[in-house]
Every structure is written in structure tokens, then in C-alpha cells.
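Residues per chain, in single letters:
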Amino acid sequence: MTLASDTVPASASASVSVAAPPPLAARARVTGGSPVRDILAVTARPEMINFAGGLPAPELFDGEGVAEAFRHVLEETPAQALQYATTEGEPALRERLAARTSVRGLATTADDLLVTTGSQQALSLLATALLDPGDTVLVEAPCYLAALQVFGLAGARIVAVPGDADGPDPDALAELVARERPKLLYTVPTFQNPTGRTLPASRRAAIACVAARHGLWIVEDDPYGELRYDGERVPWIAAHPGALDRTVLLGSFSKVMAPGLRLGWLRAPAELLRACVVAKQAADLHTPTVNQLAAARYLAVNDLDAHVARVAAVYRERRDAMVAGLGEVLPEGSVWNRPEGGMFLWVRLPESYDTTALLPQVVRQDVAYVPGAPFYAGEADRSTLRLCFVTQTPEEIGEGLRRLGRGLRG
């Protein structure tokens, strides 16, 4: 039975004014989306050769090894695997991560680590723990896009550190720290995204000295460091004595095991680590238990280093194919690098080229790249672009480069 009071006459509802809902937060209004994600959304056609993404090659995932790890934890410890966990992360995984970090030259215990839902979450937690609106953050030029998003959403003032082909210049960094009083420097020192460059050991030591002398947090993001194809490993900035009490080291399984696991971690001094734990409690309570236990099981029964070596051998061949083919398709006067590892290389076309404006005509050739401009916090070099070389075979890379050349010629 419907009472008269339960209904609203049409004439009455038509006369009611409707107010707009409150606006979005200012940070959400001024921070744009990821240009890489936007490009991926329009380049999903099967005929597209996509050099724009930053995705590892799926055919190289150890699917059976990961599946066995999940089967084991669900069959042997289902109550634990399907239950809530501590915010800091599963002890078994943290112990194994600590051991891997220690072997690589940075003495680490499980208590030094926080497991995160991908290393991207680690950046967000650090922004929550360290940054107030208006605080200054120093970044590389160019810089990892998603870091710029995180710092922008935190309301930070983002300032690029001048540098060269080897990365940020320590003298310029010291001047900026003295003048701007920033909270932190964010850097990807090994096989950087987007450029693929690696900071030399001497420059890492100099940056650590600047941080110690002037008072500065260093956020050292290392998602690609294990994907080395040439040369010798360079120690982390975090391993330098002057940086021990002020460097946060970020790591991830996304490039060496599988990005779908969404498993990352951060290593930080105790007070900051605790602040990040509190921030994570507010964000998602903890990273999925079953994923953590499966990763711990995988590390216990598989040789991850051997798997990474197999992946690196394939990626090395693909890098070489791209580097060898660029000279035949790029305009005269173009320059590019040959990274010693990682997933990306960086191209600078002649100054008259605008890679953002050129992208639509290149996409019509069924190939894509990421324009360089969005990677800059300050004045952008609009003649630059990023190419990912790991997802396609050498044959596909060759065809993709031919399409790229046609697109750039118009």
C-alpha cells in the first residue's frame, strides 16, 4: 500500500531547484592523468606496434612457477593466505627481501622494510608521510611520470635539477637545496625511466654528500636495476655512508617477476618507516596476503636471479635490434642513447620537431611512442620521445621502426 505522503506530485518535483554537488579537491582538479595510460588506451589494436608502454614481455613470465607458488600456499596454508595480515608485510617475504638486499651490498633486516602494493604505492605513502602542501620536491629532468603525479597530488612544488647525460648535477643540486629548502630529491639512478641513463658511482657519492651536508631526503627508486645487460652493477645511493640515515630505497617485483602481483617494498629509517606504516593503514590496511605468501614461496623454491638472467638475455637482443635500426629511420641530426639495461631508450630529434604534435600522424602508421614533454617538471624539450624496446621481438621492432620513420616523414 502506498501512502499519499510517499509520493511527490510531478508538478512539485519539477519546481524543486537542484544544486550542483561540491567540487573536486583542488589537487584533483589541477593534476592530470598519465599521458602513457592515455596513449595505451588508443593503441590497443592488435595491428599496433606499441613502443609507448612500459610493460614487461608477458611471454617471459614464469607462469608455471608463480602458479605453483599460489597452489602451494592455498593448499598448505589457506587460513593464513586468505586472512588479514600485518600492515608491515608477511615476515617470510620481508626476510627474503632483506636477504636479497643485503647480498647486493646494503645490510638490511626485515624490520627495515615495508611491503607495498607495487612500488607506486610506496611513492604515495612517502608523499603522505613527508610532504605538506607547498613543500618543495626536487626531481630529475626528465622525470618518471607517475612520480610527478604523486607529488602533484600532494600539493608539492616540483623543481627540476639541471643535469646532463649522466643525470642530476651535484653542484646544481647543492645550489637548489640551499635556495629552495626542499624536503626530498626523487631519483631513478639506474636505467632511468624515461631516459634509460644510469648515474655513475662518483655522482651518486656526490649526491649523497649534498644530502648529508644540507639536510635532504633522497628517494631512490630502483624498479629496473636487476635488468642489466652490459657493464658492472653500480652500488645504490643508499649504500653510501652519508646517505644511510636519509635515503629511502624502493623496489618492485613488477619487472622481474610479474606486475600483476602488485608487490613492491620500501626500505627506510625507522621513524619514516613507521610514518609510512600509519599511512598504509589508512590506505589499504595491508598488501594482499596471498600474493605476499606466493612471492615468498617462489623465492624459496625458485632461482629468481636465474630467471632474471634469462629475461635479460632476451631484452638485450631486443635493445640491440632497436639501437641498430634507429639510424635508418630517424631524421638526420637525431641522437639517442644505448642504455646498459632497463626497458627504455631516449631519442632527441632535431629542434624543429615537436613529438607531441607528430604523434597522431605516427599512430596512423600503427606504431606509437611517448612524447618527451610530459616527463618534464619545468621547461620541456619537445623534440624528445621515449621508446620501450622489451615488449616486441626483434622482427617486430624492425617493422615498428620502419613505420615510425614513415610517420615522422609525414
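Throughout what follows, the structure given in this document is the object of discussion. All of these numbers come straight from a predicted model, not from anything done at the bench.

## Quick word on the sheet that holds strand β3 (residues 136–139)
Note on sheets: strands pair through backbone hydrogen bonds, and any given pair is parallel or antiparallel.
And step 1. Reading across the sheet, the 7 strands line up as β2-β10-β9-β8-β7-β3-β4 and stay open at both edges, with mixed pairing between neighbours. Two strands lie at the open edges of the sheet, namely β2 (113–116) and β4 (157–160), each paired on one side alone. When the angles between neighbouring strand axes are averaged without regard to direction, this sheet yields 20°.
And step 2. Sheet analysis places β3 next to strand β7 (residues 184–187), joined by 3 bridges and oriented parallel. If you follow valine 139 over to β7, its bridge partner there is tyrosine 186.

## Some details on the layout of surface pockets
And step 1. The computed volume of the second largest pocket comes to approximately 420 Å³.
And step 2. Lining the second largest pocket are 25 residues, and of these Arg104, Asp222, Gly225, Glu226 and Trp236 sit closest to its centre.
And step 3. Secondary structure elements with two or more residues in the lining of the second largest pocket: α6 (91–103), β9 (247–252), β10 (264–267) and α13 (304–329).
And step 4. If one sorts the elements of the lining of the second largest pocket by residue count, β9 sits on top with 4 residues.

## What about empty space enclosed by the protein?
And step 1. All chains considered together, the criterion is met by 1 cavity of 30 Å³ or more.
And step 2. Of the residues in the lining of the largest cavity, the class split is 8 nonpolar, 2 polar and 1 charged.

## A word on the sheet that holds strand β11 (residues 335–336)
And step 1. Strand order in the open sheet made by the 4 strands is β11-β12-β15-β14, with antiparallel pairing throughout. In this open sheet, the two strands that pair with only one neighbour each are β11 and β14 (370–371).
And step 2. Looking at chain direction, strand β12 (residues 344–348) and strand β15 (residues 384–388) are connected through 5 bridges and run antiparallel. Residue pairing in the sheet places valine 347 in a bridge with leucine 385 of β15.

## What to know about the pattern of salt bridges
And step 1. Counting across every chain of the model gives 26 salt bridges.
And step 2. Arginine 71 is the salt-bridge partner of glutamate 64, the closest N and O atoms lying 2.6 Å from each other.
And step 3. Exposure remark for glutamate 64: the relative accessible area of 51% places this residue in the exposed category.
And step 4. On the basis of relative accessible area, arginine 71 is assigned to the partly exposed category, the value being 37%.
And step 5. Among the ionic pairs, lysine 280 bridges to aspartate 284, the shortest N-O distance being 3.0 Å.
And step 6. Accessibility expressed as a relative area gives 0% for lysine 280, which makes it buried.
And step 7. Owing to a relative accessible area of 25%, aspartate 284 belongs among the partly exposed residues under this scheme.
And step 8. Sharing partners across several salt bridges, the network here consists of Arg100, Arg104, Glu226 and Asp305.

## Some points on the side chain of glutamate 90
And step 1. Assignment of secondary structure puts glutamate 90 in the loop between α5 (78–81) and α6.
And step 2. As a buried residue without a salt bridge, glutamate 90 has its nearest oppositely charged side chain in arginine 94, at a separation of 8.3 Å.
And step 3. Leaving out residues up to four positions away in the same chain, glutamate 90 has contacts with Gln80, Ala85, Thr289, Gln292 and Leu293.

## Quick look at the pairing of β2
On a regular strand, one side chain projects to one face of the sheet and the next to the other, so that they alternate.
And step 1. Neither face of β2 is open: one carries Leu113 and Val115, the other Leu114 and Thr116, and all of them are buried.
And step 2. Strand direction decides the pairing type here: β2 and β10, joined by 4 bridges, are antiparallel. The residue bridging leucine 114 from the neighbouring strand is leucine 266, located in β10.

## Observations concerning the nonpolar core
And step 1. With 99 residues, the main nonpolar core has Leu126, Leu131, Phe151, Tyr186, Phe253, Leu266 and Leu387 as its most contacted residues.
And step 2. When residues in this core are grouped by element, the largest group, 9 residues, is from α13.
And step 3. Beyond its immediate sequence surroundings of up to four residues, tyrosine 186 is in contact with Leu123, Leu138, Val139, Glu140, Cys143, Tyr144, Ala147, Phe151, Val219 and Asp221.
And step 4. With 17 residues, the next largest nonpolar core counts Val159, Leu176, Val177 and Ala208 among its residues.

## Some points on the packing of aromatic side chains
Aromatic rings considered in pairs are described by the distance between their centres and by the relative angle of their planes.
And step 1. Per the stated rule, a full pass over the model turns up 6 aromatic pairs.
And step 2. Plain terms: the ring middles of phenylalanine 253 and tryptophan 265 are 4.9 Å apart, the flat faces sit at 65° to each other, and that makes the pair edge-to-face. With phenylalanine 253 in the loop between β9 and β10 and tryptophan 265 in strand β10, this pair connects stretches of sequence that are 12 residues apart. The burial state of phenylalanine 253 is the same as that of tryptophan 265; both residues are buried.
And step 3. Look at tryptophan 346 and phenylalanine 375: their rings are 6.0 Å apart centre to centre, the planes differ by 85°, and that puts the pair in the edge-to-face class. A residue pair is termed long-range when its members are at least 10 positions apart, and tryptophan 346 in strand β12 and phenylalanine 375 in the loop between β14 and β15 qualify at 29 residues.
And step 4. In textbook terms, an aromatic cluster arises when at least three aromatic residues are bridged by ring pairs, as seen for Trp346, Phe375 and Tyr376.

## A word on unusual backbone geometry
And step 1. Cis geometry marks the peptide bond from alanine 141 to proline 142; its omega dihedral reads 0°.
And step 2. Note that proline 142 resides in the loop between β3 and α8 (145–153).
And step 3. Cis geometry is found at the peptide bond from asparagine 193 to proline 194, where omega equals 25°.
And step 4. Mapped onto the secondary structure, proline 194 falls in the loop between β7 and α10 (201–214).
And step 5. At arginine 181, a residue that is not glycine, the phi angle is positive and equals roughly 50°.
And step 6. Looking at the element boundaries, arginine 181 is found in the loop between α9 (170–180) and β7.
And step 7. Of note, phenylalanine 191 is a non-glycine position whose phi angle comes to about 55°, a positive value.
And step 8. By secondary structure assignment, the location of phenylalanine 191 is in the loop between β7 and α10.
And step 9. You can call phenylalanine 191 buried: its relative accessible area is 0%.

Cut-offs applied
Residues numbered from 1 in each chain as written. Predicted model: local features only at pLDDT ≥ 70, side-chain atom pairs only at ≥ 80, totals over all residues. Heavy atoms only, no water. Pairing = 2+ DSSP bridges. Helix = DSSP H or I, 4+ residues; strand = E, 2+ residues; numbered from the N terminus. Axes fitted to C-alpha atoms, helices over the stretch in contact; angles between N-to-C directions. 1 Å grid on protein atoms, 1.4 Å probe; cavity = no way out; pocket = protein on both sides within 12 Å on 5 of 7 lines; lining within 4 Å. Points joined across faces, edges and corners; volume = space filled by probe spheres on them. Nonpolar A, V, L, I, M, F, W, Y, C, P; charged D, E, K, R; others polar. Salt bridge = Lys/Arg side-chain N within 4 Å of Asp/Glu carboxyl O. Buried < 20%, exposed > 50% of the residue type's maximum accessible area, 1.4 Å probe, protein only. Lys, Arg positive; Asp, Glu negative; His and termini not counted. Contact = heavy atoms within 4.5 Å. Core = buried A, V, L, I, M, F, W, Y, C linked by side-chain atoms within 4.5 Å. Phe/Tyr/Trp six-rings, centres within 6.5 Å; stacked < 30°, edge-to-face > 60°.

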